[in-house]
Amino acid sequence: MGRPSEAAGMEALHQLKSTEPPQWLAPSASLSESARAASQHLFASLRPHVRKSPFDELLVDNFDAEQIWQQIDLLTQPLVRSIRRRVKHWEKNPAEIENLLPEVADGGKKVAQGKKMEEIDDDDDDDGGDMDMDDDDDDDDEEMDVDNDGEQDGGKDEGDESEEEEEEKSGGIEDKFLKIKELQEHLEDEEARHYGLDAKNKKSKKKSGSKKLEDEDDDSEEGEEDKEEDDDEDEEVDLFAGGDDEDEEDEMGNARYEDFFGKKKGGSEPKPRFKDELGEDSSSGEEEKEEELSSDDDDDEEEDDDENVNKKPKVLSTHEKEVQKIKSEIEKMEKANLDPKTWTMQGEVTAANRPKNSALEVDLDFEHNVRPVPVITEEVTQSLEEIIKKRIIEGQFDDIKRAPGLPSKAPRELKPVDENKSNKGLAEVYEEEFVQQTDPAAAPLSFSDEQKKEIIEDMSIQSNVPALAMEEIAPVAVSDAAMLAPEEVFSGKGNVKAEVELTQTERKRRRAKKKRKFKAVETKKMASKKAREDELRKQKEGTLLVVQVTHLCCQINVMLNQKL
Amino acid sequence: MEIDGVAPPVAEKPLFEPLKAHEMSDGKVQFRKVSVPPHRYTPLKKAWMEIYTPVYEQMKIDIRMNLKARKVELKTRVDTPDISNLQKCADFVHAFMMGFDVIDAVALLRMDELYVDSFEIKDVKTLKGEHKSRAIGRLSGKGGKTKFSIENATKTRIVLADEKIHILGSFRNIKIARDALCSLILGAPPGKVNSKLRQVTARSAELF
């Protein structure tokens, strides 16, 4: 994309200006082309004033209106902010405008232009979001850009002046923004202004101021004495082409640490750097110059404040020292209280809750429930033996005596309850009881002779029933002790021997005895038998005889009868 | 002696003899009838004279046996001294019918404080079949041992009539005997009951 020459650009601008408003209603290619050319020209003309723009030229070919607008917006936003600030500043201090104008007329443009960038950059970066572009049309932007150009020219001059003033202000301060020498010069300038000195003096001071501006920026982080800083702050505020306090306050919201102090070097440098270090700072400051120049004068104020804070710890009164000491101690104690207690201060601590072998290092105190082992010495043994000997001689041994039994009541006399049927009738029983109660003398003795006799007379019949039979009936409370004793059962006498035990002679004797018995029994039997048989025979015979006799008699009778 | 203003001599306070039973009931005769269970019929016949004599002679109560109705009838006489005699005789006869011996029942006639307490085994514990038989066996013991021991220890007379148990004696003794019998029914061994009885009798002997 070839950049159109300035002339072409100007032509395009003029062309656009000349077109009548109704022509804008309908889209025309020629108009758009000329518009693009004009915007490019304007962009190019503005570009040098803006430091941070990403575009060197406005890209127009085949770009959307929106895209072109975005590019312009990027460029012009910061510009507009700075211009607005400037305008507000001038509203408050109209006198400055007059001062600027003659500079421009004198042709201090060169210097002004040289400082344009710096000035603009300073202004632009510090502007806050308050300066928002509300225009959406490219045309409007162009117009604005045109206006901005005009304004910027004026503003640049103002900025140059203020820059110079800045440089002229207090020097010798560690802070980037502030130096004592520059301050002094600034003070003088102010006085000159108020009393209407020539611009020449100012010019001459500009140059010197430019050098010192760098130093100012370099030493922004370093602090100085309070008074100078305070004065400087007040005057710097007035002179620094940054705007009013209001603007400053608004703008401070967007300011960052880096704006003031540059990128952190791994730790702030609160220590006060004296003039010796100025040289160093100035050399390094050249690099940061461009960055720092963009920062606004208002930042210096804050840096001064920071300087004040850093300065205080250096010189403390005794009271303050004591207070600090106490504070640190308090902090220590509070921290100790918040932390968990050491294991020795806790209550019950098991081995798991304390570090290894920690109990060895601590003096532990605990009760020993065990008596210490007695040390046996010769003296101890001797004393013991003496005691033993003495006791033996006395005969006093610590024998355990049986404790006396507890005194108890005499055991009740338990009458044996008679298990037999009582012979007395119930009436007699009660009668006796009554008599006993009323007249003990008349009552018979409890165990009289009669009763004794009675007891003796009572005899129980004992049958020699085999124990098994008894047990079957009443297995509980029966013993065969009541049964007949063996000697009562056995009827034999003498030494009884079993057949196996007998000797030969004894066996023979037994056999002979048996035989005799047997024989005796047999003879008896036989005798009785005989007797019976004889009787029978006799009877028989008798009967026979009788029968014979009777038969004979019958025969005789018969014979007699016949004979008769 | 002439005394003016003297009231006529007051009649002596009449002395009445105590009312006889007969008069107390306005001349009416009182009856008691005691039925005879069949198993006591023969023993009644055997012991009739022993029953009759004290009732008629000493208590002055007419007594007769109604064979048809199988009842013993008691009737007050004119010369019955006390109205309670009739009741005593009735109790006496009734005790005999329960199963007590005449000798023991006669004590009812002679002492006022004797009572007869009856209860059944099922009142104490519901037992069936063999358990009941065994309970009865436990009550009497071998040869009546346990029963006699209770009788002797508590000065009571006990009749075990199958299901029913009758105890004759004084109030306190009846209680002791009943406790012993109940413990036997519930299953206590006789030895335990005996030991308890002994303790009780010893204690009661100490009291008097």
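Residues numbered from 1 in each chain as written. Chains lettered and ligands numbered in written order. Predicted model: local features only at pLDDT ≥ 70, side-chain atom pairs only at ≥ 80, totals over all residues. Heavy atoms only, no water.

## A short note on the overall build of chain B
Threshold: Numbered from the N terminus, helices here are DSSP runs of H or I no shorter than four residues, and strands are runs of E no shorter than two. Burial here depends on accessible area, computed with a 1.4 Å probe over protein chains only, as a share of the maximum for the residue type. Under 20% is buried, over 50% is exposed, and the range in between is partly exposed. Computed by Shrake-Rupley with a 1.4 Å probe, the accessible areas treat only the displayed protein chains as cover when residues are assessed.
Helices and strands together make up the secondary structure of chain B, namely 10 helices and 6 strands. Buried residues in chain B amount to 40% of all 208 residues. Accessible area of chain B: about 12,600 Å², with a carbon and sulfur share of 54%.

## Focus on the nonpolar core
Considering soluble globular proteins, one finds that nonpolar side chains tend to be buried as a cluster. Just so we agree on the cut-off: Nine residue types can take part in a nonpolar core, namely buried Ala, Val, Leu, Ile, Met, Phe, Trp, Tyr and Cys, and a core is a set of them joined through side-chain atoms within 4.5 Å. Contacts are assigned to residue pairs with any non-hydrogen atoms lying within 4.5 Å of each other.
Counting residues in each nonpolar core, the largest one holds 35 residues, and the members touching the most others are Leu44, Ile51, Val72, Leu74, Phe92, Val93 and Met97 of chain B. For this core, the secondary structure elements donating two or more residues are α17 (426-438) of chain A together with α2 (41-46), α3 (48-58), β2 (61-66), β3 (71-76), α4 (83-98) and α5 (102-110) of chain B. With residues up to four places along the chain from it excluded, the contact list for leucine 44 of chain B reads Val36, Ile51, Met65, Val72, Phe96 and Met97 of chain B. Counting residues in hydrophobic clusters, the runner-up holds 21 residues, among them Phe119, Leu127, Ile176 and Leu197 of chain B.

## As for the confidence of the model for chain B
Selection rule: For every residue, the predictor assigns a confidence score, pLDDT, that lies between 0 and 100.
Of all residues in chain B, 96% attain a pLDDT of 70 or more, and the chain-wide mean is 90. Reported for the predicted complex are a pTM of 0.37 and an ipTM of 0.85.

## Examining the environment of phenylalanine 260 of chain A
Mapped onto the secondary structure, phenylalanine 260 of chain A falls in helix α11 (residues 257-261). For the pair formed by phenylalanine 260 of chain A and phenylalanine 177 of chain A, sequence separation is 83 residues and the distance between their alpha carbons is 8.8 Å.

## A closer look at unusual backbone geometry
Even without a glycine there, the phi angle at asparagine 357 of chain A is positive, about 60°. Secondary-structure assignment places asparagine 357 of chain A in the loop between α14 (318-338) and α15 (358-361).

## Side note on the confidence of the model for chain A
All names here are of chain A. Looking at chain A as a whole, the pLDDT averages 72, with 60% of positions reaching at least 70. Confidence drops under a pLDDT of 50 for residues 117-171, and excluding neighbours within four residues, the segment shows 201 contacts in the predicted structure. In this model, residues 279-292 is a region of pLDDT below 50 whose contacts with residues beyond four sequence positions or in other chains number 24 contacts.

## Quick word on helix α3 (residues 65-92) of chain A
Residues spaced three or four apart along an α-helix point in a common direction, a consequence of the helix completing one turn every 3.6 residues. Stated formally: Here, expected helix span is obtained from the residue count minus one, scaled by 1.5 Å. At any given residue, the bend is defined as the angle formed between two axes, one fitted to the seven residues that end at that position and one fitted to the seven that begin there.
Compared with an ideal rise of 1.5 Å per residue, which puts 28 residues at 40 Å, α3 of chain A spans 39 Å between its outermost C-alpha atoms and is within 8% of the ideal. Along α3 of chain A, the helix axis deviates most sharply at threonine 76 of chain A, where the bend reaches about 35°; the proline proline 78 of chain A sits within four residues downstream.

## Details of the pairing of β3 of chain B
Quick reminder of the rule: Here a strand pair is declared whenever DSSP counts at least two bridges between the two strands.
Of the pairings in the sheet, the one linking strand β1 (residues 31-35) of chain B to β3 of chain B comprises 5 bridges and is antiparallel in character. By the bridge assignment, serine 35 of chain B is partnered in β3 of chain B with lysine 71 of chain B.

## Focus on the packing of helix α9 (residues 171-186) of chain B against helix α10 (residues 190-207) of chain B
Residues and elements named next belong to chain B. Here is the rule we go by: Where helices are involved, their axes are fitted lines through C-alpha atoms of the stretch in contact, as for all axes, and angles between N-to-C directions lie from 0 to 180°. Throughout, the term roughly parallel applies to angles under 35 degrees, roughly antiparallel to angles over 145, roughly perpendicular to angles from 65 to 115, and oblique to all others. For a crossing to be left-handed, the near helix must be turned anticlockwise from the far one by less than a right angle; the clockwise case is right-handed. Ten residue types, Ala, Val, Leu, Ile, Met, Phe, Trp, Tyr, Cys and Pro, are classed as nonpolar, four, Asp, Glu, Lys and Arg, as charged, and the remainder, Gly among them, as polar.
Here α9 crosses α10 at 165°, and the two axes come no closer than 10 Å. Taken together, the axis directions place α9 and α10 in an arrangement best described as roughly antiparallel. The hand of the α9/α10 crossing is right-handed. Residue-level inspection shows Ile176, Ala180, Ser183 and Leu184 of α9 in contact with α10, the latter providing Pro190, Val193, Leu197 and Val200. The residue makeup of the contact of α9 with α10, split by class, is 7 nonpolar, 1 polar and no charged.

## Re a positive patch on the surface
Going by this rule: The residues that make up patches have over 30% relative accessible area and no salt bridge, and they are joined within 9 Å when like-charged or within 5 Å when they are Val, Leu, Ile, Met, Phe, Trp or Tyr. Salt bridges are defined as contacts in which a side-chain nitrogen from Lys or Arg sits within 4 Å of a carboxyl oxygen from Asp or Glu. Residues counted as positive are Lys and Arg, residues counted as negative are Asp and Glu, and His and the chain ends are not counted. Here the site of a charge means NZ on Lys, CZ on Arg, CG on Asp, or CD on Glu.
A contiguous patch of positive charge on the surface is contributed by Arg510, Lys513, Arg516 and Lys517 of chain A. Along the chain, the position of lysine 513 of chain A falls in helix α21 (residues 504-563).

## Quick notes on the interface of chain A and chain B
Counted only if it meets this: Note on terms: buried area is the combined drop in 1.4 Å-probe accessible area of two parts once they are placed together, counting the loss on both. Within 3.5 Å is the distance limit for a polar contact, defined as a pair of N or O atoms, with the added protein rule that one can donate a hydrogen and the other accept it, and that residues adjacent in sequence qualify only through two side-chain atoms.
Taken together, the contact between chain A and chain B spans 22 residues of the former and 28 residues of the latter. Surface buried jointly by chain A and chain B totals about 2,100 Å² across both partners, of which 62% is contributed by carbon and sulfur atoms. Linking lysine 421 of chain A and aspartate 101 of chain B is a salt bridge whose minimum nitrogen-to-oxygen distance equals 3.5 Å. Counting the contacts that link chain A with chain B gives 9 residue pairs in polar contact (both at pLDDT 80 or more). Among the residues forming the side of chain A that touches chain B, the class breakdown is 9 nonpolar, 4 polar and 9 charged.

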